[in-house]
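Listed below are the residues making up each chain.
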Amino acid sequence: MYPIDSLDNWHRGQGLWPDVAAEDWNNWKWQLKNRLTKLEHLEAHMQLTADERVGCLFAKDKLALAITPYFFNLIDREDPDCPIRRQVIPRAGEMLTAPEEMLDPVGEENTKPVDGIVHRYPDRVLFLVTDRCAAYCRYCTRSRLVSNAQDYNFHPEFESGLQYIREHPEIRDVLLSGGDPLLLSDRKLDHLLGELRQIPHVEFIRIGSRIPVFLPQRITPELCEIFKKHGPIWMSIHVNHPSECTHALRDACEQLTYAGVPIGNQSVLLRQVNDDAEIMRSLIHRLLMMRVRPYYLYQCDLITGSAHLRADPRKGIEIIQSLRGHTTGYSIPQFVIDAPGGGGKVPINPEYIKEITDEAIVMRNFSGDEYRYPLVAGAKVEKSADAPELETLLV
Ligand SMILES: *Cc1c(COP(=O)(O)O)cnc(C)c1O
């Protein structure tokens, strides 16, 4: 019924850059240095639509344009609606704004005790350690500060962030994000993770990064040694579409997991990218093939200029419903809406509960059939006829 995936169908190789020495291609610094960051760079390789051309000219005031050669290769240059293209090439829609849109859609600026720390939940913090990424997602929820196109002038102070965490014993979980933490040098990451590990109440450390997807070359043996040394370090990557699952990403995930880094994936539900049950099914199956556990599926935040990319959340519910029970439970992410203004992540689920009374919970299973699970409160408990007297058992 569903086509079986094959690694033979996954992208590999240097694509448009066949003559670059493998040594350079596989070097993350070469990839960064050769990023496509201007209209002219893109137009040297492909024909842009008028919509995209306008978007590229406007990007410098909103969120920088940058695409690694590796990721650019995943674009279908013949298809103006290519789902990879929609994620990283700006469109004129970024210049528009809808009344419900915001520059800080999940209210991070209101829960910022020191620069770089967002403390919204009681036991965990988001620690923003850089404002730079290897490539920029056009729906970035933190575009107000990321890439500094809007002159936010983010200057992360590692020491004040660390000090805040040291002084708050309730913080047991630290999530490094940004920007992309894996753009920091090995030396800085080693230092940062070492300092966090020295804080006795910090039990859980994770890194949110799209580097394995944009720049898998960054996952080097040296970096993996750092994760091993300070482990367990968990990682959340960000894959949206099955075409992003390449041999290079698979190799990067393998190195990370061999170094003891459990990996989850956070996708954003995006219009004409992955708001489709078959695409999502293919994506999550590929993630499992790479040892990656789908974690969250996010409804796109109400970031200014994102209307052209936001999908209908009802589609998200429908997708989850089409997966639950129909495929491996491990592959199904939790669909969430990060509540506008700062309420945190709210799970959004298909309705399986028909009714709860004092007697029973009445539910529908994955194929729509109704079942009833009786509750203890309503149960009529009696001794069965052939059972021994309770008193004889209790002595
Ligand atoms: C998403 C988020 C976290 C982590 O939430 P989990 O549900 O534990 O993954 C922590 N802090 C902030 C501010 C967040 O937005």
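This structure is a prediction, so every number in the text was calculated from the model and none was measured. (Residues numbered from 1 in each chain as written. Predicted model: local features only at pLDDT ≥ 70, side-chain atom pairs only at ≥ 80, totals over all residues. Heavy atoms only, no water.)

**Student:** Could you give an account of the overall build of the protein chain, naming the residues involved and the relevant values?
**Tutor:** The number of helices and strands found in the protein chain is 14 helices and 12 strands. Whereas a compact globule of 395 residues would reach a radius of gyration of roughly 21 Å, the protein chain reaches 24 Å, a difference of no more than 12%. In terms of its C-alpha atoms, the protein chain occupies a principal-axis envelope of roughly 85 × 50 × 45 Å. Going through the 395 residues of the protein chain one by one, you find that 49% of them count as buried. Split by element, the accessible area of the protein chain, about 18,900 Å² in all, is 53% carbon and sulfur. Between the mean site of the 45 positive side-chain charges and the mean site of the 56 negative ones, the protein chain shows a separation of 3 Å. (Helix = DSSP H or I, 4+ residues; strand = E, 2+ residues; numbered from the N terminus. Rg over C-alpha atoms; globule rule 2.2 N^0.38 Å. Buried < 20%, exposed > 50% of the residue type's maximum accessible area, 1.4 Å probe, protein only. Areas by Shrake-Rupley, 256 points an atom, 1.4 Å probe, with all protein chains shown as cover. Lys, Arg positive; Asp, Glu negative; His and termini not counted. Charge placed at Lys NZ, Arg CZ, Asp CG, Glu CD.)

**Student:** Help me get a handle on the packing of aromatic side chains, residues and values and all.
**Tutor:** Scanning the model with the defined rule gives 8 aromatic pairs in all. Ring geometry for Trp17 against Trp25: centres 6.0 Å apart, planes inclined by 35 degrees, an arrangement best described as tilted. Trp25 sits in the buried class, given a relative accessible area of 4%. The rings of Trp17, Trp25, Trp30 and Phe72 are connected pair by pair, giving a single aromatic cluster. When the ring centre of Tyr121 is taken as reference, the NZ or CZ atom of Arg124 above it lies at 4.1 Å. (Phe/Tyr/Trp six-rings, centres within 6.5 Å; stacked < 30°, edge-to-face > 60°. Lys NZ or Arg CZ within 6 Å of the ring centre and 35° of its normal.)

**Student:** Can you lay out the site of the ligand for me, pointing to particular residues and giving the numbers?
**Tutor:** Taken together, Val118, Arg120, Tyr121, Arg124, Leu126, Leu175, Arg206, Tyr295, Tyr296 and Lys345 make up all the residues around the ligand. At 2.6 Å, a side-chain N or O of Tyr295 approaches an oxygen atom of the ligand. Contact between the ligand and Lys345: an oxygen atom at 3.0 Å from a side-chain N or O atom of the residue. When isolated, the ligand has an accessible area of 390 Å², and the protein chains bury 90% of it. Residue assignment for the shell around the ligand shows that the elements contributing at least two residues are β1 (117–121), β2 (124–128) and β7 (292–299). Grouping the constituent residues of the shell around the ligand by class yields 6 nonpolar, no polar and 4 charged. (Near = heavy atom within 4 Å. Polar contact = N/O pair within 3.5 Å; in protein donor to acceptor, adjacent residues only side chain to side chain. Nonpolar A, V, L, I, M, F, W, Y, C, P; charged D, E, K, R; others polar.)

**Student:** Go over the side chain of Asp338 with me, naming the residues and quoting the values.
**Tutor:** One can find Asp338 in strand β8 (residues 334–339). Setting aside residues no more than four positions away along its own chain, Asp338 makes contact with Val106, Arg120, Asp301, Gly344 and Lys345. (Contact = heavy atoms within 4.5 Å.)

**Student:** Outline the environment of His247, listing residues and values.
**Tutor:** Within the secondary structure, His247 is located in helix α11 (residues 247–258). Given the relative accessible area of 10%, His247 is considered buried. In the structure, His247 is positioned 238 residues away from Asn9 in sequence and 9.8 Å away in space, judged by C-alpha atoms. Aside from chain neighbours lying at most four places away, what touches His247 is Leu7, Trp10, His11 and Arg12.

**Student:** Tell me about the domain arrangement of the protein chain, and name the residues and values.
**Tutor:** Here the protein chain is described as being made up of domain 1 (4–91) and domain 2 (109–347). Between the C-alpha centres of domain 1 and domain 2 the distance comes to 21 Å. For the pair domain 1 and domain 2, the summed buried area comes to about 3,400 Å², and 59% of that belongs to carbon and sulfur atoms. When the buried area of domain 1 at its contact with domain 2 is split by residue, Trp10, Trp28 and Gln87 rank highest and sum to 23% of it. Run the count over domain 1 and domain 2 and you get 1 salt bridge. (Domains from an automatic or database assignment. Buried area = accessible area lost by both parts, 1.4 Å probe. Salt bridge = Lys/Arg side-chain N within 4 Å of Asp/Glu carboxyl O.)

**Student:** Explain the pattern of salt bridges to me, and be specific about the residues and the numbers.
**Tutor:** Tallying each qualifying case throughout the model produces 31 salt bridges. Measuring nitrogen to oxygen at the nearest pair gives 2.9 Å for the salt bridge that ties Arg53 to Glu43. Of the two residues, Arg53 is situated in helix α4 (residues 50–58) and Glu43 in helix α3 (residues 39–43); the sequence distance between them amounts to 10 residues. A salt bridge links Glu370 to Lys354; the shortest N-O distance between them is 3.2 Å. Here Glu370 is found in strand β12 (residues 370–374), whereas its partner Lys354 is found in strand β10 (residues 353–356), with 16 residues between them in sequence.

**Student:** Can you explain the packing of helix α10 (residues 221–230) against α11? Please cite residues and give values.
**Tutor:** Relative orientation and spacing of two packed helices are given, respectively, by the angle between their axes and the distance between those axes. Where α10 contacts α11, the two axes come as close as 9 Å, and the packing angle between them is 35 degrees. Every pair of crossing elements has a handedness; the one defined by α10 and α11 is right-handed. In this structure, α10 uses Pro221, Cys224, Phe227 and Lys228 to contact α11, whose residues at the interface are Gln255, Leu256 and Tyr258. For the contact of α10 with α11, the residue count by class is 5 nonpolar, 1 polar and 1 charged. (Axes fitted to C-alpha atoms, helices over the stretch in contact; angles between N-to-C directions. Left-handed = near helix turned anticlockwise from the far one by under 90°.)

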